Protein chains: 2
Amino acid sequence: MAPAPDGTLAYRRAADYIAVALIFLRDNVLLREPLHPEHLKPRLLGHWGSCPGITMTYAALDTLVRERGTDVLLVTGTGHGAPANHANLWLEGTHAHYDPALARTEQGLTELARRYCAPDGFPSHLSPALPGTLHEGGELGYALATAFGAAFDAPGRLVACIVGDGEAETGPTAAAWHSVKHLDPVTGGAVLPILHLNGAKICSPTLFATMSDAELTDLFRGYGWDPVIVDMAAAPESERLTDAVLDAEAAITDLQRRAGSGEEVERPRWPMIVLRSLKGQGAPAEVGGRRIEGTFHSHQVPLPQVHDDPEEFAALEAWLRSYRPEELFDADGRPVAEVLRVCPSGERCIGRQPAGDGGQLRRPLDLPPVEPYAVEVKGGPGSATASPNEVLGKWLEEVFRRTEPTRDFRIVSPDELASNRLDGVLEATGRGYTWPVETYAEHLSPDGRVLEVLSEHNCQGWLQGYLLTGRHGIFPTYEAFASIVDSMLNQYAKWLKMAAEVPWRSPVSSLTYLLTSEGWRQEHNGYSHQGPGFINNLLTKRSSVTGVYLPPDANTLLVTMDQLLRDTGRINAVVSGKHPAAQWLSLAEARRHCAAGASVWRWASTYDGEDPELVLACAGGIPTVETLAAAELLAHDVPDVRIRVVNVVDLCVLAPPGRHPHGMPDEEFQELFGEHTPVLFDFHGYPSAVHHLLHSRPAPDRFQVRGYVEEGTTTTPYDLLADNGVSRHDLVIAALGLLRGRSGAAGDLAARYARHRDRLRAELRRTGEDPAEITEWRWGAGTGGPG
Amino acid sequence: MAPAPDGTLAYRRAADYIAVALIFLRDNVLLREPLHPEHLKPRLLGHWGSCPGITMTYAALDTLVRERGTDVLLVTGTGHGAPANHANLWLEGTHAHYDPALARTEQGLTELARRYCAPDGFPSHLSPALPGTLHEGGELGYALATAFGAAFDAPGRLVACIVGDGEAETGPTAAAWHSVKHLDPVTGGAVLPILHLNGAKICSPTLFATMSDAELTDLFRGYGWDPVIVDMAAAPESERLTDAVLDAEAAITDLQRRAGSGEEVERPRWPMIVLRSLKGQGAPAEVGGRRIEGTFHSHQVPLPQVHDDPEEFAALEAWLRSYRPEELFDADGRPVAEVLRVCPSGERCIGRQPAGDGGQLRRPLDLPPVEPYAVEVKGGPGSATASPNEVLGKWLEEVFRRTEPTRDFRIVSPDELASNRLDGVLEATGRGYTWPVETYAEHLSPDGRVLEVLSEHNCQGWLQGYLLTGRHGIFPTYEAFASIVDSMLNQYAKWLKMAAEVPWRSPVSSLTYLLTSEGWRQEHNGYSHQGPGFINNLLTKRSSVTGVYLPPDANTLLVTMDQLLRDTGRINAVVSGKHPAAQWLSLAEARRHCAAGASVWRWASTYDGEDPELVLACAGGIPTVETLAAAELLAHDVPDVRIRVVNVVDLCVLAPPGRHPHGMPDEEFQELFGEHTPVLFDFHGYPSAVHHLLHSRPAPDRFQVRGYVEEGTTTTPYDLLADNGVSRHDLVIAALGLLRGRSGAAGDLAARYARHRDRLRAELRRTGEDPAEITEWRWGAGTGGPG
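All of these numbers come straight from a predicted model, not from anything done at the bench. Starting from 1, residues in each chain are numbered consecutively following that chain's sequence as written. Chains and ligands are labelled by the order in which they are written, letters from A for the one and numbers from 1 for the other. Note on the predicted model: pLDDT of at least 70 is required for a residue's local features to be given, and 80 or more for side-chain atom pairs to be given and counted; whole-chain, interface and lining totals, by contrast, use all residues.

Some points on the overall build of chain A
Then step 1. A tally of regular secondary structure across chain A gives 25 helices and 22 strands.
Then step 2. Here the globule rule reads 2.2 Å times residues to the power 0.38, and the radius of gyration is calculated from C-alpha atoms. In terms of overall dimensions, chain A is globule-like: its C-alpha atoms have a radius of gyration of 30 Å, near the 28 Å expected for 787 residues.
Then step 3. Judged by the C-alpha coordinates and their principal axes, chain A covers about 95 × 60 × 45 Å.
Then step 4. Partly exposed residues are those whose C-beta has more than 12 but fewer than 20 other C-beta atoms within 10 Å; 20 or more makes a residue buried and 12 or fewer makes it exposed, with C-beta atoms placed from the backbone. Looking at the 787 residues of chain A, the share that counts as buried comes to 66%. Each helix corresponds to a stretch of at least 4 residues labelled H or I by DSSP, and each strand to a stretch of at least 2 residues labelled E; elements are numbered beginning at the N terminus.

Some points on the confidence of the model for chain A
Then step 1. As a per-residue measure, pLDDT reflects the predictor's confidence and takes values from 0 up to 100. Of all residues in chain A, 99% have pLDDT values of 70 or greater, and the mean over the chain is 95.
Then step 2. With pLDDT under 50 throughout, residues 1–5 of chain A is counted as low confidence; its partners more than four residues away or in other chains account for six contacts. Contact between two residues is assigned whenever their backbone-derived C-beta positions fall within 7 Å.

Quick look at the sheet that holds strand 18 (residues 598–600) of chain B
Residue and element names in this part refer to chain B.
Then step 1. Taken together, five strands build an open sheet; the order of strands is 18-20-19-21-22 and the sheet is mixed. Strands at the two margins of the open sheet, each flanked by one partner only, are strand 18 and strand 22 (703–706). When strand polarity is set aside, the average angle formed by the axes of neighbouring strands in this sheet is 20°.
Then step 2. Orientation is described by lines fitted to C-alpha atoms, with helices fitted over the stretch in contact, and by angles between N-to-C directions that extend from 0 to 180 degrees. The strands touched by helix 21 (residues 687–694) are strand 21 (679–683) and strand 22; relative to strand 22, the strand with the most contacts, the crossing angle is about 150°. Any two strands between which DSSP finds at least two bridges are classified as paired.

Details of the relation of the copies chain A and chain B
Then step 1. Copies are brought into register by a least-squares superposition over C-alpha atoms of residues with pLDDT of at least 70 in both. Here chain A sits on chain B after a turn of 180° about the axis and a move of 0.0 Å along it, with an RMSD of 0.0 Å. Here the copies are linked by what is in effect a two-fold axis.
Then step 2. Take the interface residues of chain A: 100% of them recur as interface residues in chain B, which is what a same-surface contact looks like.

With respect to the domain arrangement of chain A
Residues and elements named next belong to chain A.
Then step 1. Assigned domains within chain A: domain 1 (5–352), domain 2 (371–581) and domain 3 (612–775).
Then step 2. Note: domain ranges come from an automatic or database domain assignment. Computed over C-alpha atoms only, the centres of domain 1 and domain 2 are separated by 34 Å.
Then step 3. Taken together, the contact between domain 1 and domain 2 spans 31 residues of the former and 32 residues of the latter.
Then step 4. Counting residues per element, the ones that place at least two in the side of domain 1 that touches domain 2 are helix 6 (143–151) and helix 7 (171–176).
Then step 5. Tallying contributions element by element places helix 6 first for the side of domain 1 that touches domain 2, with six residues.
Then step 6. Under the scheme applied, nonpolar residues are Ala, Val, Leu, Ile, Met, Phe, Trp, Tyr, Cys and Pro; charged residues are Asp, Glu, Lys and Arg; polar residues are all the others, including Gly. The class makeup of the residues in the side of domain 1 that touches domain 2 is 17 nonpolar, seven polar and seven charged.

Overview of the sheet that holds strand 18 (residues 598–600) of chain A
Residues and elements named next belong to chain A.
Then step 1. With mixed pairing, five strands are arranged side by side in an open sheet as 18-20-19-21-22. Lying at the two open borders of the sheet, with one neighbouring strand each, are strand 18 and strand 22 (703–706). Taken over all neighbouring pairs, the strand axes of this sheet differ in orientation by 20° on average, direction set aside.

A look at unusual backbone geometry
Excluding glycine, a negative phi dihedral is what most residues carry, and trans is how most peptide bonds are arranged.
Then step 1. Its identity is not glycine, yet R407 of chain A carries a phi of approximately 45°, on the positive side.
Then step 2. As for its placement among the helices and strands, R407 of chain A is situated in the loop between helix 13 (388–402) and strand 9 (409–413).
Then step 3. In the Ramachandran plot, C117 of chain B falls in the positive-phi region, its phi being about 70° despite a non-glycine side chain.
Then step 4. Tracing the backbone shows C117 of chain B in the loop between helix 5 (106–115) and helix 6 (143–151).
Then step 5. Given 27 C-beta atoms within 10 Å, C117 of chain B falls into the buried group.

Some details on the interface of chain A and chain B
Then step 1. If you look at the interface, chain A gives 102 residues, while chain B gives 102 residues.
Then step 2. When contributions to the side of chain A that touches chain B are tallied by element, the ones reaching two or more residues are helix 7, helix 8 (213–223), helix 15 (486–500), helix 16 (533–540), helix 21 (687–694) and helix 24 (747–767) of chain A.
Then step 3. Residue composition of the side of chain A that touches chain B, by class: 35 nonpolar, 40 polar and 27 charged.

Re the pairing of strand 20 (residues 643–648) of chain A
Residues in a regular strand point their side chains to alternate faces of the sheet.
Residue and element names in this part refer to chain A.
Then step 1. Of all six residues in strand 20, six are buried, a share of seventy percent or more.
Then step 2. Across three bridges, strand 18 lies against strand 20 in antiparallel orientation. By the bridge assignment for strand 20, S599 is matched with N647.
Then step 3. Across five bridges, the pairing between strand 19 (residues 614–619) and strand 20 is parallel. Of the residues in strand 20, the one forming a bridge with L616 is V645.
Then step 4. Here the term right-handed applies to a crossover when the path leading from its first strand over the helix to its second strand runs clockwise, the strands being oriented away from the viewer. You can see the chain leave strand 19, run along helix 19 (residues 621–637) and come back into strand 20, and the turn it takes is right-handed.

With respect to the packing of helix 8 of chain A against helix 8 (residues 213–223) of chain B
Then step 1. Across the interface, helix 8 of chain A lies against helix 8 of chain B with an axial gap of 7 Å and an inter-helix angle of 140°. In terms of orientation, helix 8 of chain A lies oblique with respect to helix 8 of chain B. Here the hand of the crossing between helix 8 of chain A and helix 8 of chain B comes out left-handed. For the pair helix 8 of chain A and helix 8 of chain B, the contacting residues are E215, L216, D218, L219, R221, G222 and Y223 of chain A in the first and E215, L216, D218, L219, R221, G222 and Y223 of chain B in the second.
Then step 2. When grouped by side-chain class, the residues that make up the contact of helix 8 of chain A with helix 8 of chain B number six nonpolar, two polar and six charged. Oblique is the label for any angle not under 35 degrees, not over 145, and not in the 65 to 115 range, which are roughly parallel, roughly antiparallel and roughly perpendicular in turn. Two helices crossing with the near one rotated counterclockwise from the far one by less than a right angle form a left-handed crossing, whereas a clockwise rotation gives a right-handed crossing.

So, helix 21 of chain A
One full turn of an α-helix is made of 3.6 residues, so residues set three or four places apart face in the same direction.
Then step 1. Most of helix 21 of chain A sits inside the fold, with eight of its eight residues counted as buried.
Then step 2. Buried residues of helix 21 of chain A: P687, S688, A689, V690, H691, H692, L693 and L694 of chain A, and no others.
Then step 3. Contact partners of the buried residues in helix 21 of chain A: helix 16, strand 21 (679–683) and strand 22 of chain A together with helix 16 (533–540) and helix 21 of chain B.
Then step 4. In the stretch just after helix 21 of chain A, S696 of chain A is the one whose phi turns positive, near 75°.

Describing the pairing of strand 19 (residues 614–619) of chain B
All names here are of chain B.
Then step 1. Of all six residues that make up strand 19, six are buried, and the element is covered over most of its length.
Then step 2. Where strand 19 and strand 21 come together, five bridges link them in parallel fashion. By the bridge assignment for strand 21, C618 is matched with D682.

Quick word on the environment of E92 of chain B
Residues and elements named next belong to chain B.
Then step 1. By the element assignment, E92 lies in the loop between helix 3 (82–91) and helix 4 (94–98).
Then step 2. We classify E92 as buried; it has 30 C-beta atoms within 10 Å.
Then step 3. As a C-alpha pair, E92 and P344 span 252 residues in sequence and 7.3 Å in three-dimensional space.
Then step 4. Not counting the four nearest positions on each side in its chain, E92 is found in contact with C343, C349, I350 and G351.

Looking at the packing of helix 17 (residues 554–564) of chain B against helix 18 (residues 587–596) of chain B
All names here are of chain B.
Then step 1. In contact at an axis separation of 8 Å, helix 17 and helix 18 are set at 55° when each is read in the N-to-C sense. By the angle class used here, helix 17 and helix 18 are oblique. The two elements helix 17 and helix 18 cross, and the hand of that crossing is right-handed. Within the contact between the two elements, helix 17 uses N555, T556, V559, T560 and Q563 and helix 18 uses L587, A590, R591, H593 and C594.

Put into structure tokens, the structure is as follows:
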């Protein structure tokens, strides 16, 4: 039976009251006695502005859960309105379920108030510590895409998403509205966005609040939604929002039913709600001549001078009492029946949805063995040629086939799957798209599990939502453009770090980026496509949640991906190449190499790599080729010099153990690099990444690190390497420099190499192509160099 | 007189022909003889897909320039369609104007074809090397905001902006459509967007191409535009696009006239054009059973096997001849009159717009002297208190007043101006906004020169466009959220680096970020607001275009900003605080300190800082306070130890000179830090930034760098510092560790400090506030510590 309208009203009064109490009070939280200054928290923290709207929505969704038996997962974009989420979680008993100290009693509420914004307590914004929460909301823009990620491949799931009108100004949110074109009503769940127009951001009206109803309707219809505008500012005590939510659910169910029954639903038009309310609705209208309710002055703490200003103090007490708490809580502080009646029972509560702690839903991915996909290198290192990404794509194709029944694996990509030569997977699944497409379009279907859109923000948000609800996936992208989601990565890394500290959370699958079409082979697209900085950003994050891998060939890539698709709780970046390239290691060797993270490649070293006078280290596919070519030239030209080649696949082994969990003990580090031996390190990315990792290793200044130094344009691959000082010939010259004084390693040899390099560059300027010496080089053939 | 329609058609044929030729040919560029394989370039690079649409637009805009006398600046979002831009620049004579080798002759065209995508030639995408170009377009999403930046405060300027339908999927573009709400029709110019729906991105249909006309119209009307859809696929030879452009200009002029005459134009509705065309329109319809024109197969090089496949080779020649080049070029290779008639003359050409090389328009900013704004510290270091941002805000207020006549200075900010305590400037100007707002909204007006929107992408794009057209501005932002534009910074840094290499380009004003509300004082907002990684990203860029400054107080901030607002050609980040804090240096001292970049603070050192046994280094406002407090404690507890305090304001002085132009010579570096002296470095951000800069300085491992290590939540400032090991007490403990074995610096003293720190943290957990020992600490008062 539907509750009486005043049931919802009482519930909202209780939740709003609690949210105010959490911001202001540490004692007398139910206002059993007159408010005294010592009941106030000494520091007032938290944001009131969006709380009433969150609670309006929560109450309406509760009615939906109760009346229709629909389970609802809630993503709150306005995460700074956390006091409201806490209030609702407390009222529905979810807080008590996870922590008996937060029981539905006066004592429990006091404890909640004291913990809110306290050191070691709950942070001011949403966080993984809140049950049912998928999204922190501190940095704006990512709620809607996250909600879609939670809905893909989850038939029967309804994901409600509160989008703030501040957040709605961001680019990522503006793009995320288009996600509706990718959501299959048959194999997926539904997303119900509630755009919360409360009118103001921190200090100004929001863009959306200044838009007319006609503009709002046009905009969202244009995006593909069926919007309805609900004005709760005009009728604050009405059930309009509840009605709109119930109507929306009916429309969703109808759409799903039609699509599920095989009816062709062209341009499936999902409902959405635009909720107009006053900013901080319910706050004092005006205090000290300053308008509060309905203005940006209610954004954060609406009465900031309450400790010192008697007028504000009186206004606070009047505000709290305006909710009539004495009617809402019984003698023990338990919410009265009229309030509780709104809450769904037990596991049906919004905060108790299993998808809100996706780790508990997660099942390990059904991975095929890598053996049948491995490249044979029977003729020894360099004897086979393969595109690492193509090899990986074949294996991933089988991953898609195996997961057809479970539908728990996806690839997100900014329209680069084919360009990155991973399109083997399209033999097993399509690109998910529901809007009608031209007949010549290839590999699109509503139920496809590849998501391609030219928005890295959508890709990232979708994948986060998908992983956080217990599924698996990878994000292949042009390396240079991964930085578009630097900031999303920052926030997700924080989420993972915090989630690992929450005792009841189960770990979710790691988020793995495949950084490909790497800069060294973007010589054709040019300078804008050359940027390896994503690794640097990842390395600044908490080391317990990060990994960086640079497999030098297809087999190491397979082994790495097989490992990372079993991994949990981390963000991993894997750099891989798409072009056919020489293969170095057998599968067994690749396994050993990956397990070690870095090893000596004896076959590429002189004197078996023992007791070296110089270490040539490399990380990344292209640097490995150049380093091997340089090693071969040096072996020929200065055969008496003892040179060791070291390849690094797990970059973080370079860090001192205290700085990263993968960090090698100093003894192992010295086994690879010696203690005083000069090391020439050819790194795939910016040298700064390696500079950082090496700091406080013994004598780090003996490492000469080379990499991308922001030289680039449209040119040939060799020219791009030489521009950055990392062609094989530059490496030989640098090595000779490090060996200065060593017999044979004379300056005139270096000069010959410099002249040779310059000749090659002059030649490629004439022909527009790299010389055969470069393009046809094969390990062991003894070609190349000034001879 | 308007040209005959076939005039435009001939022009388009010529431009399309040239674009194909640039991609494929190195000889016989006018097809005077039958095509032979040796006429082909050995490597085929470039993108054809968007070329025809760019040329359609260019030709229509040319008509506008000729017929209406309107000067048009063009921003091409589809920068990979560069062959079309080159073709148009060559046809109109702009290429020849800047480089006589690119004359409008067969020889000139051959030279252009040979340079396109050649090493040392023109890159495959747009670049600063192309006259009239503001935008590279390799990374998608930023054209529209850039166009708005070029239009602000430029009455009479019409900025046409081609937005690709791939680009339109990005978040930044999706948000940028809202920019229309910020453009004042009186004090600004106009932006005319042409959304180019050619139907496909790399491998799939675009979202926009699958939208119905009704959806497109709804969407853009919702955003606030007045869209018209022009289908040039249906009528490829029509003048529909030209007509639409002329209509749009009339509507723009009318709107500007009405607004300029004082009429109140509510929700000024600017025209925009949706241009439907076939992808690669004009390419062969089908070759080898593969459909090319109108599909993604025409995205890049449409006939990739032309060297080896006779059918493709024949198709190429037929394609080229389909434009009938013999009708378009005279015997010298000069375009015939019918073609040339379309081009505006001389300086009116689209490629010759002065704003396309904004440095030549730039006038130095009229800056007020900083003296009247400086904080007096007559009582010595620490004797005065001020909010650095407030002080800066007052000075910037005067900058706004002085530039009222020239309107060449703006602040862009994601709604954080007041929060960052820079709102002093609102006394001199308002927030620019044209949509109607509620009466209680504060400081909004159409002609305001502060731009606030909750989209960092818009802020960045607008400012880039503004600076690139010769103006000035700054971008204050919460430090943690600056990373949202990491990738835009990457691309802009590349632009600046390349632009500096173009001989005819004049330098534009530097882009200066004010990174504020820094993480150390985001203890209230919590973990999501704590992230100093923007600095790390900036440091990976080309060092000739970057600077990082950490002024420790208000006077150093003033001196720094005064310097950077005169700076050109760079991207600078300045970290500054908003909270009232102790002031250390007089204005004269601040000038000396800033000039040096880093100096010994003798007054804070023991033994006058001479011959130190330990250096305490610091960079950043909060680290400076903690370091000074630690220095004071050490001076008290181990008075016999010689301790030097070094403050770093220009972070890049730490880099070896070869790595950054600000890098100190090794001798100066050693004068500050010694050669073997242990250094405890308290850094504002991630230690990795400093680790990188120090690499290959003498004995870098003696530097123990501390900073933010991704510990954080909502807590007190001291607790946040202690969590990351950088509270004053942690610094003392670390210093004692570095002094191990030194008299007085015994382990039990360190243990006392650890106990003291733990006591303070227990105390703040009880009270919710930092202890008075921390909040009331003043330099020189001798308080704090275990006593």
